[in-house]
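What follows is each chain in one-letter form.
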2 protein chains.
Amino acid sequence: MIDAKVKATNILWHCTQVTHDLRESLLNQKGSTIWMTGLPSSGKSTTAFALEYELVMRGFLAYVLDGDNVRHGLNKDLGFSAQDRAENIRRVAEVAKLFADAGVLVITSFISPYREERDFARRIHKEAGQSFAEIFIDAPLEVCEARDPKGLYAKARRGELKGFTGIDDPYEPPFAPELVCETANYSPPEIASQIMDFLVQAGFLSKDSYSRSSNRTPSMGRK
Amino acid sequence: MIDAKVKATNILWHCTQVTHDLRESLLNQKGSTIWMTGLPSSGKSTTAFALEYELVMRGFLAYVLDGDNVRHGLNKDLGFSAQDRAENIRRVAEVAKLFADAGVLVITSFISPYREERDFARRIHKEAGQSFAEIFIDAPLEVCEARDPKGLYAKARRGELKGFTGIDDPYEPPFAPELVCETANYSPPEIASQIMDFLVQAGFLSKDSYSRSSNRTPSMGRK
C-alpha cells in the first residue's frame, strides 16, 4: 500500500511542476535578470532602486540584489580578495537565476568589473532559457570620483584602499550591453524610464500589461 | 551641478525603497519561508511541489528551493563533508530569506537534519521580521527505507555510502515545528491541503484572498 502511494506520488511530482508559462501568466511578466554593471558611485544602486520602485508601483514584481542584502547575509563569508570577489559575483549570478526562474524581475547592483564574470552570469541564464540583460551604468571616472559618497575613491587615491575598481583595479566596460544609461546626463527617474521602455521593447514586460499598468497602484492589483 | 544631482539622488534612493507592505498588497500574501525537514525519502520534495502547484494555481507566488536547483548551481562548489553540508544549509537559509524579503512564499526542501542549522534559518528570518514556519515531514524510517527511490538507503546499509542521514548519521526531529505532516498516512494533495490551512491560520495568506482564490486560475489573475 505504501509502495503504491509512493509510486503515485512520483507521478504526481512530475505532473505538478509549475511551468514558466504558468508563472508568466500569473505575474504578467517574464522572470528576468537585469544585470547592472559600472564603476563605484556610477549610480547602479540609485538606478536599481528607482527601477524597482517604478516596477512595483505599476504592479510588477521586482527585487534588487545588492551589497546590502547579499554581502551581509549569503556572502558574509567572503572578503575582497580576487578569489572572493569572483565567488561573490558567481553566487549573485546563481541566485539571480533562481529569482528569474521564480518569475521575478531581479535587478542586480554590483560593480562586477570583469567581462568574464558577467558573461558567466549571461551564460547560465541563457542555458536555463531565461531572459538576461546587461545594463551598463556609464558615468565618467571623474564624475564617479567627484560623487564618492563614502570617500572610497579618496582613500584609494591616498593608497589606503588597495584593489579599488577604477583606480588600481581595472573596470572592463561591456562590449555589447543591452542598454547604456548615462547617469551624468539623466536623472534617476529618467533612467528608470529608459530601462522600462527597454523592458517592454525586449519583451520582458508585455506591451499590454505595461500600458494597463500606467495608472495602476499596487492596492489595485490582483484581487 | 553634478554634486547637486548626486545629493538629490541619495534622497530619492531613501524615499523609493519598496516596503514589505507594498509587496504584500501587490501579491496578497506575506513573503515567507516554509522550511521542510525530514529523513531522506520522507516526502519533502513531493510535498513541496504539490504545495507549490496548489498555491500557484490559486494565484499565489510560490517557489521551491531544493537540491535540484540549488546543488547544481549556487552550491555546486560544495560536497557532502559535514562542513560543506552545513554551508549548504546556511546558504539555502540566506537565499530563502531573500525570497521571503521579495514577497515570495518560498518552500525549502532539504533534509536539514540538525536542529542548530534549522534554528539558524529561523533566527535570521525572525531578525529580519519575516515569517518562517518549520514543517516536519514525518515518516517512520522503515517507510522511508521501503520507498528508497534512488536506492540510497540500500547503499548506506551495504556500507557503500557513508554519513547517510537516518542510517549512520543522525536526524534530529524538530522539538516544536509549526506543523507535522505524516506522509505515510496522507496523500500529497491531502498534505498540501493541510499546509494551505496552516498558512491561512498562521496569517501567511489572508483569509479573504484565500477564499477568493478557490476558483481562480492563474490566467484569471492580476490583469
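Scroll up to find the structure this text is about.
Residues numbered from 1 in each chain as written. Chains lettered and ligands numbered in written order. Predicted model: local features only at pLDDT ≥ 70, side-chain atom pairs only at ≥ 80, totals over all residues. Heavy atoms only, no water.

1. What about the overall build of chain A?
(1) Moving on: From N to C terminus, chain A includes 10 helices and 5 strands.
(2) Moving on: Counting only residues that meet the buried cut, chain A has 54% of its 223 residues in that class.
(3) Moving on: When the accessible area of chain A is evaluated, it comes to approximately 9,500 Å², of which 53% is carbon and sulfur surface. (Helix = DSSP H or I, 4+ residues; strand = E, 2+ residues; numbered from the N terminus. Buried < 20%, exposed > 50% of the residue type's maximum accessible area, 1.4 Å probe, protein only. Areas by Shrake-Rupley, 256 points an atom, 1.4 Å probe, with all protein chains shown as cover.)

2. What about the pairing of strand 1 (residues 32–37) of chain B?
Residue and element names in this part refer to chain B.
(1) Moving on: By the criterion of burial, strand 1 is predominantly enclosed, with 6 of the 6 residues buried.
(2) Moving on: Burial along strand 1 is two-sided: the residues Ser32, Ile34 and Met36 and Thr33, Trp35 and Thr37 are all buried.
(3) Moving on: Across 5 bridges, strand 1 lies against strand 3 (residues 105–109) in parallel orientation. Paired with Trp35 across the strands is Thr108, a residue of strand 3. (Pairing = 2+ DSSP bridges.)

3. Description of the environment of A:Gly151
(1) Moving on: When you line up the elements, A:Gly151 lands in the loop between helix 7 (141–147) and helix 8 (152–157).
(2) Moving on: A sequence separation of 94 residues divides A:Gly151 from A:Met57, and the C-alpha atoms of the two residues are 33 Å apart.

4. As for the sheet that holds strand 2 (residues 62–66) of chain B
Residue and element names in this part refer to chain B.
(1) Moving on: Read across the open sheet, the 5 strands follow the order 2-3-1-4-5; overall the sheet is parallel. Either end of the sheet is taken by a strand with one partner, and the two such strands are strand 2 and strand 5 (179–182). Strand-to-strand twist of the sheet, defined as the mean angle between neighbouring strand axes without regard to direction, takes the value 20°.
(2) Moving on: Here strand 1 pairs with strand 4 (residues 131–138) via 6 bridges, running parallel. Looking across to strand 4, one finds that Thr37 is bridged to Phe136.
(3) Moving on: On top of the sheet, helix 6 (residues 115–127) reaches strand 1 and strand 4; it is set at about 155° to strand 4, its chief contact. (Axes fitted to C-alpha atoms, helices over the stretch in contact; angles between N-to-C directions. Contact = heavy atoms within 4.5 Å.)

5. Concerning the pattern of salt bridges
(1) Moving on: Considering all chains together, one arrives at 24 salt bridges over all chains under this definition.
(2) Moving on: We note a salt bridge from B:Arg23 to A:Glu52, for which the minimum N-O separation is 2.6 Å. Here B:Arg23, found in helix 2 (residues 20–27), pairs with A:Glu52, found in helix 3 (residues 44–57), and the two come from separate chains.
(3) Moving on: The exposure class of B:Arg23 is buried, given its relative accessible area of 3%.
(4) Moving on: Across the salt bridge formed by B:Glu134 and B:Arg118, the nearest N and O atoms sit 2.6 Å from each other. Of this pair, B:Glu134 sits in strand 4 while B:Arg118 sits in helix 6, and the two are 16 residues apart along the sequence.
(5) Moving on: Among the residues examined, B:Arg118 registers a relative accessible area of 1% and is labelled buried. (Salt bridge = Lys/Arg side-chain N within 4 Å of Asp/Glu carboxyl O.)

6. Structural notes on the packing of helix 3 of chain A against helix 9 (residues 188–201) of chain A
Residues and elements named next belong to chain A.
(1) Moving on: Interhelical geometry of helix 3 versus helix 9 gives an angle of 60° and a closest axis separation of 9 Å. Compared by their axis directions, helix 3 and helix 9 come out oblique. Like other packed secondary-structure pairs, helix 3 and helix 9 cross with a definite hand, here right-handed. Residue-level contacts link Thr46, Thr47, Ala50, Leu51, Glu54 and Leu55 of helix 3 to Pro188, Ile191, Ala192, Ile195, Met196 and Leu199 of helix 9. (Parallel < 35°, antiparallel > 145°, perpendicular 65-115°, else oblique. Left-handed = near helix turned anticlockwise from the far one by under 90°.)

7. With respect to helix 9 of chain A
All names here are of chain A.
(1) Moving on: Over its 14 residues, helix 9 extends 20 Å from the first C-alpha to the last, a length consistent with the 20 Å expected when each residue adds 1.5 Å.
(2) Moving on: Listed in full, the buried residues belonging to helix 9 are Pro188, Ile191, Ala192, Ile195, Met196, Phe198, Leu199 and Val200.
(3) Moving on: Immediately beyond the C-terminal end of helix 9, within one or two residues, lies Gly203, with a positive phi of roughly 85°. (Expected span 1.5 Å × (residues − 1).)

8. Examining the pairing of strand 5 of chain B
All names here are of chain B.
(1) Moving on: Covered by surrounding structure in strand 5 are Leu179 and Cys181 only, the residues Val180 and Glu182 on the alternate face being uncovered.
(2) Moving on: Bridge count for strand 4 against strand 5 is 4 bridges, and the pairing is parallel. Each residue of the ladder has a partner; that of Ile135, found in strand 5, is Leu179.

9. What about the side chain of B:Gln29?
Residue and element names in this part refer to chain B.
(1) Moving on: Here Gln29 is to be found in the loop between helix 2 and strand 1.
(2) Moving on: Gln29 gets classed as buried once you look at its relative accessible area, which sits at 2%.
(3) Moving on: Reaching out from Gln29, the side chain makes a polar contact with the backbone nitrogen of Leu61 at a distance of 2.9 Å.
(4) Moving on: Residues within four places of Gln29 in sequence aside, it is in contact with Glu24, Phe60, Leu61, Gly103, Val104, Leu105, Phe204 and Leu205. (Polar contact = N/O pair within 3.5 Å; in protein donor to acceptor, adjacent residues only side chain to side chain.)

10. Quick notes on the packing of aromatic side chains
Residues and elements named next belong to chain A.
(1) Moving on: One pass over the full model with this rule turns up 11 aromatic pairs over all chains.
(2) Moving on: Between Trp35 and Phe132, the aromatic rings sit 6.1 Å apart at their centres with planes inclined by 35°, giving tilted as the arrangement. Within this pair, whereas Trp35 is found in strand 1 (residues 32–37), its partner Phe132 is found in strand 4 (residues 131–138), the two being separated by 97 residues in sequence.
(3) Moving on: For Trp35, a relative accessible area of 0% gives the class buried.
(4) Moving on: A cation over a ring is seen here: Arg115 above Phe175, with NZ or CZ 3.7 Å from the ring centre. (Phe/Tyr/Trp six-rings, centres within 6.5 Å; stacked < 30°, edge-to-face > 60°. Lys NZ or Arg CZ within 6 Å of the ring centre and 35° of its normal.)

11. Digging into the side chain of B:Arg85
Residues and elements named next belong to chain B.
(1) Moving on: Here Arg85 shows up in helix 5 (residues 82–102).
(2) Moving on: One buried charge, Arg85, has no salt-bridge partner; the nearest side chain with opposite charge is Asp169, at 4.4 Å.
(3) Moving on: Aside from chain neighbours lying at most four places away, what touches Arg85 is Arg71, Gly79, Phe80, Pro113, Gly163, Thr165 and Asp169. (Lys, Arg positive; Asp, Glu negative; His and termini not counted.)

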